[in-house]
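Fold and contact review
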Amino acid sequence: MKVLWLFAHPDHRSLSGSLKAEGLRTLEAHGHQHQVSDLYAMKWNPLVDAADYGTHDPADRLHIADASEHAHAAGRLSPDIVAEQEKVTWADTLVVQFPLWWYGMPAILKGWFDRVFIKGFAFGHSDPATGRPRRYGGAPLAGKRAMVVVTAGARAATLGPRGVNGDLNDLLFPLQHGTFWYTGMSVAPPLLIPSADRTTPDTYETAATRLRDRLLTLPTTEPLPFRHQNTGDYDDDLLLHPHLTPVPPTGPAAHYTSPPPPTHP
């Protein structure tokens, strides 16, 4: 594997920092390549700004999608964004590690996706045969995989299907489905390290073992079963309104074959 390890925790002495170090040692010991984006150590700027896209007349509205797409095509993106996009392009696997703060990722990590996963790079490509947007499994980052490693102060049972905090996959839906899968990546089930504030040497070793096992089996792990992009607008209506009675459409939208899941090197 060629792994980009995206890390968002402000203290290397934390449980998260120790697990990152263990994960990188495991990859090296088994011959995998890796690059690291340690966002706090990099002092990553999470704020989208006109300066990201080269010259911009402040008298004009800043249309983020259009401005980022044009800057990407013209080679005018801010150098820090270009450097991160080059890492994503190089990698076949993203490991995204963060503590669960207020049921989501730290703001610095959200800002990384806001600035790096821009139109023209991670989304916004069209199928040349149909003109339709390429999304959900067939998008620009198809062929890559992603896995979330998340630490949480909550106990494991509270983040399960009947847990008071909600099921972990539901909490991670915006990232796993709305970012990874939307941009074409397949998504391995997340690795939860619960009760992070009550870690002991024994529970740390258990967590480190689980992380090592997940990394070594990642190339053959079955991805989460997200839907593939449908080819007809009527299908999109059915996804949004599942109570509708399906009626076979006519014309070009009558073709319903979904692409196979992406394969990985």
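Basis of the calculations
- For every chain, the first residue of its written sequence is number 1, and the numbers climb from 1 along that sequence.
- Whole-chain, interface and lining totals are the exception, using all residues; otherwise, since this is a predicted model, local features are given only for residues with pLDDT of at least 70 and side-chain atom pairs are given and counted only at 80 or more.
- As a rule here, side-chain values cover all heavy atoms of the structure and leave hydrogens and water aside.
- The helix count covers DSSP runs of H or I at least four residues long, the strand count covers runs of E at least two residues long, and both are numbered beginning at the N terminus.
- Relative accessibility thresholds used throughout: buried, under 20% of the residue-type maximum; exposed, over 50%; partly exposed, between the two (1.4 Å probe, protein chains only).
- Whether two residues are in contact is decided by their heavy atoms, any of which lying within 4.5 Å being enough.
- The protein chains shown are the only cover counted for residues, whose accessible areas, like all others here, come from Shrake-Rupley with a 1.4 Å probe.
- Geometry of aromatic contacts follows a simple scheme: Phe, Tyr and Trp rings, the Trp one being its six-membered ring, pair when their centres are within 6.5 Å, and the pair is stacked under 30 degrees between planes, edge-to-face over 60, tilted otherwise.
- Charge over a ring is defined by NZ of Lys or CZ of Arg lying within 6 Å of the ring centre and within 35 degrees of the ring normal.
- Put simply, a salt bridge is a Lys or Arg side-chain nitrogen that is within 4 Å of an Asp or Glu carboxyl oxygen.
- Here the rule is simple: two strands pair whenever DSSP picks up at least two bridges between them.
- Orient the strands so they point away from the viewer; a crossover is then right-handed if the path from the first strand over the helix to the second runs clockwise.
- Nonpolar cores were defined as sets of buried Ala, Val, Leu, Ile, Met, Phe, Trp, Tyr and Cys residues, with membership established by side-chain atoms within 4.5 Å.
- Note on geometry: axes are C-alpha line fits, over the in-contact stretch for helices, and angles between N-to-C directions span 0 to 180 degrees.
- Here the angle decides the label: under 35 degrees means roughly parallel, over 145 means roughly antiparallel, 65 to 115 means roughly perpendicular, and every other value means oblique.
- Following the grouping adopted for this structure description, the nonpolar residues are Ala, Val, Leu, Ile, Met, Phe, Trp, Tyr, Cys and Pro, the charged ones are Asp, Glu, Lys and Arg, and the polar ones are all others, Gly among them.
- How sure the predictor is of each residue is captured by pLDDT, a score from 0 to 100.
- Expected span of a helix, by definition, is 1.5 Å for each gap between consecutive residues, and there is one gap fewer than residues.
- The directions from the helix axis to the C-beta atoms are what the arc is built from.

Counting its regular elements, the chain contains nine helices and six strands. Evaluated residue by residue, the chain yields a buried proportion of 41% over its 265 residues. Put simply, 75% of the contacts in the chain that link residues at least 6 apart link residues at least 24 apart. Element-wise, carbon and sulfur atoms account for 57% of the exposed surface of the chain, whose accessible area totals about 13,800 Å².

Within this structure, the stated rule accounts for six aromatic pairs. Ring centres of Trp112 and Phe113 lie 5.0 Å apart, and the angle between their planes is 90°; this geometry places the pair in the edge-to-face category. Residue Trp112 is classed as buried on the basis of its relative accessible area of 0%. Here Phe113 and Phe117 contribute two aromatic rings whose centre-to-centre distance is 5.1 Å and whose plane-to-plane angle is 85°, an arrangement assigned as edge-to-face. Summarising the burial analysis for this pair, Phe113 and Phe117 share the class buried. Here the aromatic cluster, defined as three or more aromatic residues joined through ring pairs, consists of Trp112, Phe113, Phe117 and Phe180. Geometry around Phe7 places Lys20 over its ring, the cationic atom sitting 5.2 Å from the centre. In this structure, Arg115 is placed above the aromatic ring of Trp44, and the distance from its NZ or CZ to the ring centre is 4.8 Å.

Looking now at the pattern of salt bridges. In total, this model carries 10 salt bridges according to the counting rule given. Taking the shortest distance from any N to any O, the salt bridge between Arg115 and Asp80 comes out at 2.9 Å. Placement of the pair is Arg115 in helix H5 (residues 107-116) and Asp80 in helix H4 (residues 79-90), with a sequence separation of 35 residues. Residue classification places Arg115 among the buried positions, given a relative accessible area of 1%.

Turning to the pairing of strand E2 (residues 33-38), a few remarks are in order. For strand E1 (residues 2-7) and E2, the ladder comprises six bridges, and the chain directions are parallel. Counted as the bridge partner of Val3 is His34 from E2. The β-α-β motif built from E1, the intervening helix H1 (residues 15-29) and the parallel element E2 has right-handed crossover chirality.

This brings us to the nonpolar core. Residues Phe98, Trp112, Phe113, Phe117 and Phe180 are the most contacted members of the largest nonpolar core, which totals 41 residues. It is H5 that provides the largest number of residues to this core, a total of five residues. Not counting residues within four places of it along the chain, the set of residues in contact with Phe113 comprises Leu6, Val96, Met105, Leu175, Thr179 and Phe180. Among the nonpolar cores identified, the runner-up in size contains 20 residues, and Trp5, Ala208, Leu211 and Leu215 belong to it.

In this section: the packing of H4 against H5. Viewed as axis vectors pointing N to C, H4 and H5 meet at an angle of 90°, and their least axial separation amounts to 10 Å. As the angle between them shows, H4 and H5 are arranged roughly perpendicular. Residues Asp80, Ile81, Glu84, Gln85 and Val88 of H4 form the contact with H5, whose own contacting residues are Trp112, Arg115 and Val116. Among the residues forming the contact of H4 with H5, the class breakdown is four nonpolar, one polar and three charged.

Moving on to the confidence of the model for the chain. On average, residues of the chain score 84 in pLDDT, and 86% of them reach the 70 mark or higher. Element-level mean pLDDT values for the chain span from 42 in helix H9 (residues 233-240) up to 98 in E1. Counting contacts from residues 231-265, a segment whose pLDDT is below 50, to residues more than four positions away or on other chains yields 39 contacts.

This paragraph deals with H4. Taking 1.5 Å per residue as the helical rise, H4 with its 12 residues ought to reach 16 Å, and the 17 Å between its terminal C-alpha atoms agrees with that figure. All of the buried residues in H4 are Ile81, Glu84, Gln85, Lys87 and Val88. In an axial view of H4, the angular spread of the buried residues amounts to 155°, which keeps them on one side of the axis. Facing away from the buried side of H4, by more than 90 degrees, are the exposed residues Pro79, Glu86 and Thr89. Among the structural elements, E1, E2, helix H2 (39-42), helix H3 (64-74) and H5 are those in contact with the buried residues of H4.

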